[in-house]
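Chain by chain, the residues:
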Amino acid sequence: MVTRVIKRGEGVDKVVEAVILKQGDTSNDEIAKKIGITNVMWSYLKSGKRKPGKKFYTGVMRAFPDLIPTVLMAMTEEEGK
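All chains use their own residue numbering, which begins from 1 and follows the written sequence. Totals for whole chains, interfaces and linings use all residues, but because this is a predicted model, local features are given only for residues with pLDDT of at least 70 and pairs of side-chain atoms are given and counted only at 80 or more. Just so you know, side-chain values use all the structure's heavy atoms and leave hydrogens and water out.

1. Observations concerning the nonpolar core
For soluble globular proteins, nonpolar side chains are generally found buried alongside one another. Operational definition: By nonpolar core is meant a set of buried Ala, Val, Leu, Ile, Met, Phe, Trp, Tyr and Cys residues that side-chain atoms within 4.5 Å join together. Type-normalised accessible area, obtained with a 1.4 Å probe on protein chains alone, sets the label of each residue: buried when under 20%, exposed when over 50%, and partly exposed for intermediate values. Secondary structure elements are defined from DSSP: runs of H or I of at least 4 residues count as helices, runs of E of at least 2 residues count as strands, and each element is numbered from the N terminus. Should any heavy atoms of two residues lie within 4.5 Å, those residues are considered in contact.
V19, I35, W42, F56, V60 and F64 are the most contacted members of the largest nonpolar core, which has 20 residues in total. Counting residues per element, the ones that place at least two in this core are α1 (14-23), α2 (28-35), α3 (39-47), α4 (54-63) and α5 (68-79). Of all the elements, α1 adds the most residues to this core, at five residues. For F56, the residues in contact, after removing those within four places along its chain, are V15, V16, V19, I35, I37, W42 and L45.

2. Regarding the packing of α1 against α5
The description of two helices packed together rests on the angle between their axes and the distance between the axes. As a reminder of what qualifies: Here an angle of 0 to 180 degrees is reported between the N-to-C directions of two axes, which are lines fitted to C-alpha atoms, with helices fitted over the stretch in contact. Each angle receives one of four descriptions, namely roughly parallel if under 35 degrees, roughly antiparallel if over 145, roughly perpendicular if within 65 to 115, and oblique otherwise. Asp, Glu, Lys and Arg are counted as charged, while Ala, Val, Leu, Ile, Met, Phe, Trp, Tyr, Cys and Pro are counted as nonpolar; the rest, among them Gly, fall into the polar class.
Two elements in contact, α1 and α5, have axes whose closest approach is 9 Å; the angle formed by their N-to-C orientations is 160°. The orientation of α1 with respect to α5, classified from their angle, is roughly antiparallel. Packed against α1, whose contacting residues are K14, V15 and A18, the element α5 presents T70, V71, A74 and E77 at the interface. Tallied by class, the residues present in the contact of α1 with α5 amount to four nonpolar, one polar and two charged.

3. Some thoughts on the pattern of salt bridges
Going by this rule: A pair is scored as a salt bridge if a Lys or Arg side-chain nitrogen falls within 4 Å of a carboxyl oxygen belonging to Asp or Glu.
Per the stated rule, a full pass over the model turns up three salt bridges. Between K14 and E77 there is a salt bridge whose closest N-O contact spans 3.0 Å. In this pair, K14 is assigned in helix α1 and E77 in helix α5, connecting sequence segments 63 residues apart. The exposure class of K14 is partly exposed, given its relative accessible area of 45%. Its relative accessible area of 36% is what places E77 among the partly exposed residues.

Right, here's the structure in full:
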């Protein structure tokens, strides 16, 4: 089992954190494909180097329907900024 470290408060989005928790033993490449983004983009999102956009949020909602409330909350917070 691979342990994933989530760095709270270091620019990592709540939705990215939620996907990391769901990832389990699934490879980064498989998660990226499931969401519909590149492996490089997934790596940037996990490290906090990039902020998620509409394509990422849409892909997460399609791949992980149980995260829809988390995605909608994150999108609402982004609009409020």
